[in-house]
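Read off the chains here:
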Amino acid sequence: MLTKPIRRKVLLPTQKVSIEDYFRLEDKSIYKHEYHNGSILKMAGGQLPHNRLAQKAATIIDSFVESNELAFIVSNSDTKIRIEQYNKFVYPDAVVICEKPEFYQNRKDTITNPLLIVEVLSGSTKDYDRTIKYEYYRTIPSFKEYILVHQDTKHVSVYTKQTDTTWIVRDYDGDDATAILYAIQECPLPLKRLYRGLEKGI
């Protein structure tokens, strides 16, 4: 009795996308995508509380920078960050750039020298932002401070790089707390002001 040969599914290697093709596609897309060493990942759209917290954090920091006439540049989630060591391009929720921005291959939407990065923690990204993404960011020489803003509770964590390259974490809770951003001349980030108007969603 003849039997049919068993057909085995052949798994073909996924073709990597070049950086040039990534930018070509991203420039035409209405959605944001990150680039991870040849793979393109679509970013999930942020909900209103997430977007508001990112915007308010950037606004508070920018107000401090402007009022003190500091030479930093504050930008939002439209700015991509190049992570050279891991061949990645990622979008932060907000970023403070060193005095003079350094652009990746003269692209005005992609910088290589972030000083301070803000990420708002959501349920789907909080573990990634706290661990793996933080490790990626730490490979950038200019990067000195990491701000994690919790979405579901009034809590902010500030990771600050020390002169010996170690990092210190400071946690701030509740309306009476004011986070201090040491990388930009001890910029205050009052939690009451940051979370104002979002209490019903927390």
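Residue indices follow the written sequence of each chain, beginning from 1 at its first position. Residues qualify for local features only when their pLDDT is at least 70, as the model is predicted, and side-chain atom pairs are given and counted only at 80 or more; totals for whole chains, interfaces and linings, by contrast, use all residues. Side-chain numbers come from the whole structure's heavy atoms, not from hydrogens or water.

Trainee: Any details on the nonpolar core? Residues and values, ideally.
Mentor: In terms of nonpolar packing, the biggest core is built from 34 residues, with Ile-61, Ile-147, Val-149, Val-156, Ile-184 and Leu-194 touching the most fellow members. Secondary-structure elements contributing two or more residues to this core are helix H2 (48-67), strand E6 (94-97), strand E8 (114-121), strand E9 (145-150), strand E10 (155-161), strand E12 (178-181), strand E13 (187-190) and helix H5 (191-195). Judged by nonpolar contacts, the second largest core, of 17 residues, contains Ile-83, Ile-117, Leu-121 and Leu-148. In this description, a nonpolar core means a group of buried Ala, Val, Leu, Ile, Met, Phe, Trp, Tyr and Cys residues linked to one another through side-chain atoms lying within 4.5 Å. Each residue is assigned to one of three classes by its accessible area relative to the maximum for its type, calculated with a 1.4 Å probe on protein chains only: buried under 20%, partly exposed between the two thresholds, exposed over 50%. Helix and strand labels come from DSSP, where a helix needs a run of H or I of at least four residues and a strand needs a run of E of at least two; each type is numbered from the N terminus.

Trainee: Can you break down the side chain of Asp-93 residue by residue, with the values?
Mentor: Position of Asp-93 among the secondary structure elements: in the loop between strand E5 (88-90) and E6. Neither His nor the chain termini are counted; the positive set is Lys and Arg, and the negative set is Asp and Glu. A carboxyl oxygen of Asp or Glu within 4 Å of a side-chain nitrogen of Lys or Arg is what we treat as a salt bridge. Here Asp-93 sits buried without a salt bridge, and the closest side chain of opposite charge, Lys-133, lies 6.7 Å off (N-O distance). Side-chain polar atoms of Asp-93 contact the side chain of His-50, separated by 3.4 Å. By definition, residues are in contact when any of their heavy atoms lie within 4.5 Å. Those residues in contact with Asp-93 that lie beyond four places of it in its chain are His-50, Ala-54, Asn-76, Ser-77, Val-118, Glu-119 and Val-120. The term polar contact refers here to a pair of N or O atoms within 3.5 Å; inside protein, the definition further demands a hydrogen-donor-capable atom paired with an acceptor-capable atom, and it admits residues adjacent in sequence only when both atoms are side-chain atoms.

Trainee: Residues and numbers for the sheet that holds E8, please.
Mentor: Pairing between two strands is assigned when DSSP locates at least 2 bridges connecting them. Taken in spatial order, the six strands line up as E3-E6-E8-E9-E10-E11 in an open sheet, and their pairing is mixed. Of all the strands in the sheet, just strand E3 (73-75) and strand E11 (167-173) have a single pairing partner and so form its edges. Ignoring strand direction, the axes of neighbouring strands in this sheet form an average angle of 15 degrees. Alignment of E8 against E9, held across six bridges, turns out to be parallel. Bridging from a neighbouring strand, Leu-116 pairs with Glu-145 of E9. Interaxial angle, 0 to 180 degrees, is taken between N-to-C directions of lines fitted to C-alpha atoms, where a helix line uses only the stretch in contact. Seen against the sheet, H2 touches E3, E6, E8 and E9 and runs at an angle of roughly 150 degrees to E8.

Trainee: How would you summarise the pairing of strand E2 (residues 39-42) if you had to cite specific residues and measurements?
Mentor: Look at any regular strand and the pattern is simple: side chains alternate between the two faces of the sheet. Pairing of strand E1 (residues 33-36) with E2, which is carried by four bridges, proceeds in the antiparallel orientation. Counted as the bridge partner of His-33 is Lys-42 from E2. The hairpin formed by E1 and E2 contains two residues between the paired strands, and Asn-37 there has a positive phi angle of roughly 50 degrees.

All we've got here are geometric facts, nothing functional implied.
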